[in-house]
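Below are the chains, spelled out letter by letter.
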Amino acid sequence: MQISTYRLPEDVPVHFCMNKTAVVIDVLRATTTIVTALRNGARSVVPVAEVEEAVELSRNFAPEDRVLAGERMALQIDGFDLSNSPLEFTGERVGGKTVFLTTTNGTRAIQGTQAAETLIGALVNASATGQYAARRERDLVLICAGTLGHFSLEDTLAAGAIIHAIKEIDPSAETDDFSLASLLLYQHCDTEKKMHHLLDQTEHYRRLKDLGLIGDLEHCMKQDSMPLLAGYEDGSVSIIHE
Ligand code: MLT
């Protein structure tokens, strides 16, 4: 099994994922939010790149069956039901509903991925995702969403956590250099406390902290707190295995 990791979706060569499993990672906060919504009973999450597209698609559902959610500049979009804060995606708000989610980087990265199978990865489901990938024995591509075309350390950390889980099952799994760098970063920083300490020096973490979203940051760093497998197929994300 060969593991490749990309620091941004635009770095992935065209057609590279075609016969592989891809994992899209946006720890702060899109993929954590998706996993949280599913964990709290959302029927599915539809990741959408544009605001207008999210509104249009949601209109195909009755108001009581849909939730319109998302952010621009990390803030809730006017007229939407929820922002991109995972803490808002409670059972009460999303249980039994289809969530239409648009975010600046994460949902765009998911929509753009063309792989044999696409999974949604975050720190909260890192080990479950890695264990599944190891048993699947198909070449794996980890795609970090980044922030507006810039590398994001928190996504690399989650890639490392996923690779760590794979290596525990399949030590012979081969890594490219960026996968190895991600693994080393994670091994250097494998507790919540160390992660917060490191990420407190990074751009998007600090942006969310400055907005007072400390609860979101704590939730997003809780490794393996929601050990479910989320898969993207035919335009929506649902639970593959819990
Ligand atoms: C994104 O997709 O850009 C992020 O999830 C931004 C955010 O923190 O809301």
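In this text the structure is predicted, and so the values were computed from the model without any measurement.

Check the secondary structure of the protein and you find ten helices and eleven strands. The C-alpha atoms of the protein give a radius of gyration of 16 Å, which matches the 18 Å a tight globule of 242 residues would have. Seen through its C-alpha atoms, the protein measures out along the principal axes to roughly 50 × 40 × 30 Å. The burial tally for the protein puts 52% of its 242 residues in the buried class. Carbon and sulfur atoms form 48% of the exposed surface of the protein, whose accessible area is close to 10,600 Å². Of the charged side chains in the protein, 21 are positive and 35 negative, and the gap between their average positions amounts to 3 Å.

Turning our attention to the packing of helix H6 (residues 153–169) against helix H7 (residues 177–188). Following both chains from N to C, one finds H6 and H7 inclined at 90 degrees, their axes separated by 7 Å at the closest point. On the basis of their axis angle, the class for H6 and H7 is roughly perpendicular. Of the residues in H7, those in contact with Leu-153, Thr-156, Leu-157, Ala-159, Gly-160, Ala-161, Ile-163, His-164 and Lys-167 of H6 are Phe-178, Ser-179, Ser-182, Leu-183, Leu-185, Tyr-186 and Gln-187. Classifying every residue of the contact of H6 with H7 gives nine nonpolar, six polar and one charged.

Listed as buried for helix H8 (residues 192–199) are Met-195, His-196 and Leu-199. All buried residues of H8 project into a common sector of 95 degrees when viewed along the axis, lining one side. In H8, the exposed positions that point more than 90 degrees away from the buried face belong to Lys-193 and His-197. For H8, the secondary structure elements touched by its buried residues are H6, H7, helix H9 (203–210) and helix H10 (214–220).

Turning our attention to the nonpolar core. With 33 residues, the main nonpolar core has Ile-25, Val-27, Leu-28, Leu-142, Ile-166 and Met-221 as its most contacted residues. When residues in this core are grouped by element, the largest group, seven residues, is from H6. One finds Ala-37, Phe-89, Leu-101 and Leu-228 within the second-largest nonpolar core, a separate group that totals 25 residues.

The omega torsion across Leu-28 and Arg-29 is 0 degrees, close enough to zero to call that bond cis. Looking at where Arg-29 falls in the secondary structure, it is placed in the loop between strand E2 (21–25) and helix H1 (30–39). The phi dihedral of His-15 falls on the positive side, at around 70 degrees, and the residue is not glycine. Within the secondary structure layout, His-15 lies in the loop between strand E1 (2–6) and E2.

Time to look at the state of the cysteines. Counted under the stated rule, the structure contains zero disulfides. Just so you know, Cys-189 is unpaired, no disulfide at all, and the nearest cysteine sulfur is the one on Cys-144, 15 Å from it. Look at Cys-189 and you get buried, because its relative accessible area is 3%.

Our next topic: the side chain of Thr-113. Here Thr-113 is to be found in the loop between helix H4 (106–112) and strand E7 (117–121). Residue class for Thr-113 comes out buried when judged on its relative accessible area of 12%. Here the side chain of Thr-113 touches Ala-109 through a polar contact of 2.7 Å, landing on its backbone oxygen. In this structure Thr-113 touches Ala-22, Val-24, Thr-118 and Ile-143, once residues within four positions along its chain are discounted.

Attention now goes to the side chain of Thr-107. Its location among the elements puts Thr-107 in helix H4. In terms of polar contacts, Thr-107 uses its side chain to reach the backbone amide nitrogen of Thr-103, at 2.9 Å.

What follows deals with the pattern of salt bridges. By the definition in use, this model includes ten salt bridges. For Lys-222, the salt bridge goes to Glu-192, with nearest N and O atoms at 3.5 Å. Taken as a pair, Lys-222 in the loop between H10 and strand E10 (229–233) and Glu-192 in helix H8 lie far apart in primary sequence, 30 residues in all. Look at Glu-192 and you get partly exposed, because its relative accessible area is 36%.

Another point: the pairing of E10. Extensive coverage of E10 is indicated by the burial of four of its five residues. As judged from the two bridges shared by E7 and E10, these two strands associate in the antiparallel manner. By the bridge assignment for E10, Thr-118 is matched with Tyr-232. Across five bridges, the pairing between E10 and strand E11 (residues 236–241) is antiparallel. What sits directly across from Ala-230, in E11, is Ile-239.

Calculation rules
- Residues numbered from 1 in each chain as written.
- Predicted model: local features only at pLDDT ≥ 70, side-chain atom pairs only at ≥ 80, totals over all residues.
- Heavy atoms only, no water.
- Helix = DSSP H or I, 4+ residues; strand = E, 2+ residues; numbered from the N terminus.
- Rg over C-alpha atoms; globule rule 2.2 N^0.38 Å.
- Buried < 20%, exposed > 50% of the residue type's maximum accessible area, 1.4 Å probe, protein only.
- Areas by Shrake-Rupley, 256 points an atom, 1.4 Å probe, with all protein chains shown as cover.
- Lys, Arg positive; Asp, Glu negative; His and termini not counted.
- Charge placed at Lys NZ, Arg CZ, Asp CG, Glu CD.
- Axes fitted to C-alpha atoms, helices over the stretch in contact; angles between N-to-C directions.
- Parallel < 35°, antiparallel > 145°, perpendicular 65-115°, else oblique.
- Contact = heavy atoms within 4.5 Å.
- Nonpolar A, V, L, I, M, F, W, Y, C, P; charged D, E, K, R; others polar.
- Arc of directions from axis to C-beta.
- Core = buried A, V, L, I, M, F, W, Y, C linked by side-chain atoms within 4.5 Å.
- Disulfide = S-S within 2.5 Å.
- Polar contact = N/O pair within 3.5 Å; in protein donor to acceptor, adjacent residues only side chain to side chain.
- Salt bridge = Lys/Arg side-chain N within 4 Å of Asp/Glu carboxyl O.
- Pairing = 2+ DSSP bridges.

Read these as spatial facts, not as claims about activity.
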